[in-house]
Amino acid sequence: MTIDVRPASVFEDVRAVLGPKSPQANVCWCLSYRVPSKVNNELRGPARGAHVAELCRTGPPVGVLAYDGDEPVGWAAVAPRADTSFARNRKIPHVDDLPVWSLWCVRVRPGHRKQGISHALIAGAVDFARSQGAPAIEAYPLDNGDARVDLTMAYAGIRKNFERAGFVHAADTTSVLAGHPRILMRLDLR
């Protein structure tokens, strides 16, 4: 299997990975950190998918997708931190004033897990941020040690996967997800 990671600009492919089985469902669509809290709370059911479709239509790409041939099998959300709620988040500190990018969600479709796709997504997100001129990229994964993480809450990623990609611990946070502390990890791209 050869995994190709590309910018996520085709809505149908984004929907294949992030969209709900039922169009009326209130799934995340990876909007909770991308849009202001008020907007996130107002977008319900099909309006969430419509918002993502508009983001795909007006560009820039909303993240990266992993493909196995022509099939989208994974997603990573990556954008300038200034364009996300992490810019204002009180639980995740700012290390310095660099205009860093944030990588906050890694998702692999069921049936495609345990095949290295999350590693390819992290690498692809780093390459995309670098191609857009990012001086550094941050992630906020779970520091779970060897403890098991519920797959629903594993979207933030886990520390060891980011360490494998060259990220280093840059700061502790006061954020906790699924009972595990989150840490700020960074990769310098300069």
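Not measured: the values here are computed from a predicted model.

Criteria and thresholds
Residues numbered from 1 in each chain as written. Predicted model: local features only at pLDDT ≥ 70, side-chain atom pairs only at ≥ 80, totals over all residues. Heavy atoms only, no water. Helix = DSSP H or I, 4+ residues; strand = E, 2+ residues; numbered from the N terminus. Rg over C-alpha atoms; globule rule 2.2 N^0.38 Å. Buried < 20%, exposed > 50% of the residue type's maximum accessible area, 1.4 Å probe, protein only. Contact = heavy atoms within 4.5 Å. Areas by Shrake-Rupley, 256 points an atom, 1.4 Å probe, with all protein chains shown as cover. Core = buried A, V, L, I, M, F, W, Y, C linked by side-chain atoms within 4.5 Å. Expected span 1.5 Å × (residues − 1). Arc of directions from axis to C-beta. Pairing = 2+ DSSP bridges. Axes fitted to C-alpha atoms, helices over the stretch in contact; angles between N-to-C directions.

Visitor: What am I meant to see in the overall build of the chain here?
Guide: Scanning the chain from N- to C-terminus turns up 5 helices and 7 strands. Relative to the globule expectation of 16 Å for 190 residues, the C-alpha radius of gyration of the chain, 16 Å, shows essentially globular dimensions. Expressed as lengths along the three principal axes of its C-alpha atoms, the size of the chain is roughly 40 × 40 × 35 Å. Looking at the chain as a whole, 46% of its 190 residues qualify as buried. Nonlocal contacts in the chain, meaning residues at least 24 apart in sequence, comprise 64% of its contacts between residues at least 6 apart. Of the roughly 9,600 Å² that the chain leaves accessible, carbon and sulfur atoms contribute 51%.

Visitor: Quick question: what am I supposed to make of the nonpolar core here?
Guide: One recurring pattern in soluble globular proteins is that nonpolar side chains are buried together. Counting 33 residues, the largest nonpolar core has Val-14, Trp-75 and Trp-104 as the members making the most contacts within it. Those elements that provide at least two residues to this core are helix H1 (11-18), helix H3 (46-58), strand E2 (64-68), strand E3 (71-80), strand E4 (101-108) and strand E6 (168-177). A total of 4 residues in this core trace back to one element, the largest contributor, which is H1. Membership of the second largest hydrophobic core comes to 25 residues, among which are Val-64, Ala-66, Val-106 and Phe-128.

Visitor: Help me out: how do you make sense of H3 in this one?
Guide: Because each turn of an α-helix spans 3.6 residues, side chains separated by three or four positions end up pointing in the same direction. Taking 1.5 Å of rise per residue, the 13 residues of H3 would be expected to cover 18 Å, and the 19 Å separating its terminal C-alpha atoms lies within 8% of that figure. The set of residues buried in H3 consists of Arg-48, Gly-49, Val-52, Ala-53 and Cys-56. Along the axis of H3, the buried residues cluster in a sector spanning 140°; they form a single face. Exposed side chains of H3 directed beyond 90 degrees from the buried face belong to Arg-57 and Thr-58. Considering only its buried residues, H3 is in contact with H1 and helix H2 (37-42). Backbone geometry just downstream of H3 places Gly-59 in the positive-phi region, at approximately 55°.

Visitor: Whenever I open this one, the sheet that holds strand E5 (residues 136-139) confuses me. Can you help?
Guide: Paired through their backbone hydrogen bonds, the strands of a sheet run either parallel or antiparallel. Spatial strand order, E1-E2-E3-E4-E5-E7-E6: 7 strands in an open sheet with mixed pairing. In this open sheet, the two edge strands, each paired with only one partner strand, are strand E1 (3-7) and E6. Strand-to-strand twist across the sheet, computed as the mean angle between neighbouring axes with direction ignored, equals 25°. Against the sheet, H1 makes contact with E2, E3 and E4, and its axis sits at roughly 100° relative to E3, the strand it touches most.

Visitor: Help me understand unusual backbone geometry, please; the structure alone is not making it clear to me.
Guide: In most cases, non-glycine residues show a negative phi, while peptide bonds are predominantly trans. Here Gly-59 and Pro-60 are connected by a cis peptide whose omega angle stands at 0°. Positionally, Pro-60 belongs in the loop between H3 and E2. At Trp-29, a position not held by glycine, the phi torsion is positive, near 60°. By secondary structure assignment, the location of Trp-29 is in the loop between H1 and H2.

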